[in-house]
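Examining the three-dimensional arrangement
Here's the letter readout for the chains.
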Amino acid sequence: MVQVNKIDSNITGLAFAEEAVLGSLPGENGNAGAPVWYSLAPNSYNDFGGEIITVAPNPINPSRQRRKGVTTDLNASGGINQNFTFSNFSNLMQGIMFADTREKGYEEPTAVTASVFEVASTTGFLVNSLIKGQGFTSAGNDALQLVTAVVADTSIAVGATVVDAAPVARSNIRNVGHQGSTADIDVDNSGTLPAVTSTLLDFTTLGLVPGQWVFVGGDSASNRFVTAANNGLKRIRSIAATRLEFDKSDAAFVTETGTGLDIRIFFGDVVRNETGALIKRRSYNVERLLGAPDDAAPAQIQTEVLVGAVPNEFTLNVPSADLLNADVTFVATDNAQRDASVGPKQTSVLAPFSAKEYNTSSDVSRIRLSVVSDTDPAPVPLFAFVTEATISLNNNVTPNKAVGVLGAFDVTAGTFTVSGNLTAYFSNVSAVLAVRNNSDVTLDIGFIRDNQGVIFDFPLISLGDGRLNVEVDQPITLPLATDMASGEDIDATLDHTMLVTYFNYLPNAA
């Protein structure tokens, strides 16, 4: 055995797996199943591991010396910074938000024959659903398809010819939208809020929730409204069988009849902080590979693991002319080291599906702070441009200590809080007045790249700071502090503080 003199950081790796119960993975301690490991790609670490606490006895004695310290406690925690892509936070976001992702329809077909995807379940798929494939051997199966027939829990048929007798692992189809019947979907701007309306389509069957974003219109002229303002990104306020109302939009709606048009509406999966029984705490094993100590046995890897790790803080960083990135911290019940003879826990680690990093110059679809309006979905924003922004989520997790336990036996989640800071270029006093008047304000930040997108939405905010920054030879800037709250004071259906919409597919028009 030849011990190496050092191990470089570049050969380390990081992965996480959801635990069956706090502190134990599936397959451990009588838990059924096997763990599924997902890789992470950190730019940096923040205090990752276990901090040993010792207390040195200091009895009264003639020598005036202390005795050797005794281990009394262990604080296990860790944090990472990682660039944000469409897919690399999607699974972990459930743990961060203490909630299940509300998927619109997801299946991994067992076979693809002719124009039919053979599936175990058809839940979430309807005739005229728009589905997007991912990970198939045949590129044609990954294309956007229109569902023409659904046989309950058996098959999903599409209009194009698709074939793949034995799909590779993880290849899947997702429901990414819906196409209305010809001339069925119109725009009604006569009510308090604008809406798209339908006679044949029941909007309540699409799995939508108030507060999530949709994209109205496709790339073909026959799949979008003639009036440009009626297409684009919109936020849902209310959902009825024949009416879908919106309270946020890029532009004001115009009443329009969709004569001869097959209007497409694209939507995505949603994760938000939930209430009551829908709140779900997840815990993880987070394992860092530390390389092989013996250069003659490079496959024997030593590791360290955060056990019973619960996501505590998440900070989205939106700098100027840079990459979108995020910080995540965990509070854990224990920390363990595994030498090379034991090896890593992680096996068959799943990498995120290929997705490029969002940059904050050309991939920002919208960033808008505006006063809440119950009648105008496109109010004048409080600023035109932002120099930087951060959004910080905190679950206020604390470890539970007890006699006879080194580390913690459990953790307790406190109040879910979201706050932020942004610096805008000053153009008028409306933002300053919104701070002074304690106006109800709402914020959304969206990113789109390669026909996929993610939007962070905050339905209700109170603003702070607001002191103009005036410097010689520089534009005036306005620093703003944002304190997010549940949107139920605006509408009972907006009973969340933060909602993230993941668009698994968006048309080129987006």
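About the criteria used
- Residues numbered from 1 in each chain as written.
- Predicted model: local features only at pLDDT ≥ 70, side-chain atom pairs only at ≥ 80, totals over all residues.
- Heavy atoms only, no water.
- Salt bridge = Lys/Arg side-chain N within 4 Å of Asp/Glu carboxyl O.
- Helix = DSSP H or I, 4+ residues; strand = E, 2+ residues; numbered from the N terminus.
- Buried < 20%, exposed > 50% of the residue type's maximum accessible area, 1.4 Å probe, protein only.
- 1 Å grid on protein atoms, 1.4 Å probe; cavity = no way out; pocket = protein on both sides within 12 Å on 5 of 7 lines; lining within 4 Å.
- Points joined across faces, edges and corners; volume = space filled by probe spheres on them.
- Nonpolar A, V, L, I, M, F, W, Y, C, P; charged D, E, K, R; others polar.
- Phe/Tyr/Trp six-rings, centres within 6.5 Å; stacked < 30°, edge-to-face > 60°.
- Lys NZ or Arg CZ within 6 Å of the ring centre and 35° of its normal.

1. Concerning the pattern of salt bridges
Within this structure, the stated rule accounts for 27 salt bridges. The shortest N-O distance in the salt bridge between D100 and K280 comes to 3.5 Å. Of this pair, D100 sits in the loop between helix 1 (92–97) and strand 5 (106–107) while K280 sits in the loop between strand 18 (269–272) and strand 19 (284–289), placing them 180 residues apart in sequence. Among the salt bridges present, the one from R272 reaches E274, with a minimum N-O distance of 3.2 Å. Residue class for E274 comes out buried when judged on its relative accessible area of 9%. Connected via shared salt-bridge partners are R235, R237, D247, K248, D250, R366, D374, D444, D457 and D491.

2. Describing empty space enclosed by the protein
On inspection of all chains with the given rule, the structure shows 2 cavities of 30 Å³ or more. Estimates place the volume of the largest cavity at around 110 Å³. Looking at the largest cavity, it is lined by 19 residues, and the ones nearest its centre are D247, K248, S370, P379 and T442. Residue contributions to the lining of the largest cavity peak at 4 residues, all from strand 23 (residues 364–371). For the lining of the largest cavity, a count of residues per class yields 7 nonpolar, 4 polar and 8 charged. If you trace the second largest cavity, you find it lined by L382, F383, Y425, F426, S427, N428, A431 and L478.

3. What about the packing of aromatic side chains?
Here a ring pair, both rings aromatic, is described through the centre-centre distance and the interplanar angle of the planes. Scanning all chains against the criterion turns up 11 aromatic pairs. Ring geometry for F84 and F456: centres 5.7 Å apart, planes at 65°, overall edge-to-face. Taken together, the residues F84 in the loop between strand 4 (70–83) and helix 1 and F456 in strand 29 (residues 452–465) connect sequence positions 372 residues apart. The ring of F253 has K234 lying over it, and the distance from NZ or CZ to the ring centre is 4.4 Å.

4. Section: the layout of surface pockets
Within this model, the largest pocket holds a volume of roughly 1,000 Å³. In terms of lining residues, the largest pocket is bounded by 37 residues, among which S87, S90, Q134, R174 and F353 are the most central. Of all the elements in the fold, those that place two or more residues in the lining of the largest pocket are strand 2 (37–40), strand 8 (129–134) and strand 11 (172–179). Element by element, the count of residues in the lining of the largest pocket is highest for strand 8, at 3 residues. For the lining of the largest pocket, the class distribution of residues is 12 nonpolar, 15 polar and 10 charged. In this structure, the second largest pocket spans a volume of roughly 370 Å³. Lining the second largest pocket are 18 residues, and of these T360, V364, I367, F385 and V386 sit closest to its centre. Those elements that provide at least two residues to the lining of the second largest pocket are strand 23 and strand 24 (386–394).

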